[in-house]
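Inside the fold
Okay, here's what each chain looks like letter by letter:
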Amino acid sequence: MSEQPMDRAAAGRFVETWCANWRKVDIDAVVSHFAENAEMRSPLALKLTESPVVAGVENIRAYWQKAYGHIASADLKILNWSWDDTIARLTVWWQLGDARASEFMDFDGAGRVMRSEAFYGK
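Okay, so let's go over this structure. For clarity, every value in this text was computed on a predicted model and none was experimentally measured.

Thresholds, definitions, all that
- Residues numbered from 1 in each chain as written.
- Predicted model: local features only at pLDDT ≥ 70, side-chain atom pairs only at ≥ 80, totals over all residues.
- Heavy atoms only, no water.
- Helix = DSSP H or I, 4+ residues; strand = E, 2+ residues; numbered from the N terminus.
- Rg over C-alpha atoms; globule rule 2.2 N^0.38 Å.
- Buried < 20%, exposed > 50% of the residue type's maximum accessible area, 1.4 Å probe, protein only.
- Contact = heavy atoms within 4.5 Å.
- Areas by Shrake-Rupley, 256 points an atom, 1.4 Å probe, with all protein chains shown as cover.
- Lys, Arg positive; Asp, Glu negative; His and termini not counted.
- Charge placed at Lys NZ, Arg CZ, Asp CG, Glu CD.
- Phe/Tyr/Trp six-rings, centres within 6.5 Å; stacked < 30°, edge-to-face > 60°.

The subject of this paragraph is the overall build of the chain. If you tally the helices and strands in the chain, you get four helices and six strands. Ordered by position from the N terminus, the helices and strands of the chain form the series α-α-β-α-β-α-β-β-β-β. Its C-alpha atoms give the chain a radius of gyration of 13 Å, near enough to 14 Å, the size a compact globule of 122 residues would have. With the C-alpha coordinates of the chain rotated into their principal frame, the extents come out at 35 × 30 × 25 Å. Across the 122 residues of the chain, 41% fall into the buried class. Intrachain contacts of the chain at a sequence separation of at least 6 include 45% that bridge at least 24 residues. When the accessible area of the chain is evaluated, it comes to approximately 6700 Å², of which 50% is carbon and sulfur surface. One way to put it: in the chain the 14 positive side-chain charges average out to a point 6 Å from where the 17 negative ones average out.

Per the counting criterion, the structure on display carries seven aromatic pairs. A ring pair is formed by Trp-22 and Tyr-68, whose centres lie 5.5 Å apart and whose planes are at 75 degrees; its orientation type is edge-to-face. One end of the pair, Trp-22, is in helix H1 (residues 8-23); the other, Tyr-68, is in helix H4 (residues 57-68), and 46 residues separate them in sequence. Given the relative accessible area of 12%, Trp-22 is considered buried.

Spelled out as C-alpha cells, the structure:
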C-alpha cells in the first residue's frame, strides 16, 4: 500500500486488495497495510487472547497467524463498503460462508490502518 492519504478512490482499491489478500490468507500482505502502533478489536481476539484488543502490528500478525494461519484460502465476499472522508473511516460488510460481518478501519494521514474493529453476525 502506498504511503498516501486515503480518499474514496483509494479506499475502493484498498477493499479489492484487502479482499484478495484475505482470500489467499496472506497475513503478511494484510498486515502490511497497518501502522506500527495500530490496534484491532474483535470478538475472536477475546476468545483467543483473553483481550478484545490486539495492539501493535507484530501482535496483530501473531494473532492472525494463530487464528487463520492454518487456512490455505477463504471464499471471502465483499457485500458492500463505504468511505467517510471526514473521519477517514472505511466500513466493509463481508461474508465468509454463513458468517457475515462488518468491519471498520480508521486510517492515518499516510493511508495506513490505525484502528480496526470487526462485528460478527449470522
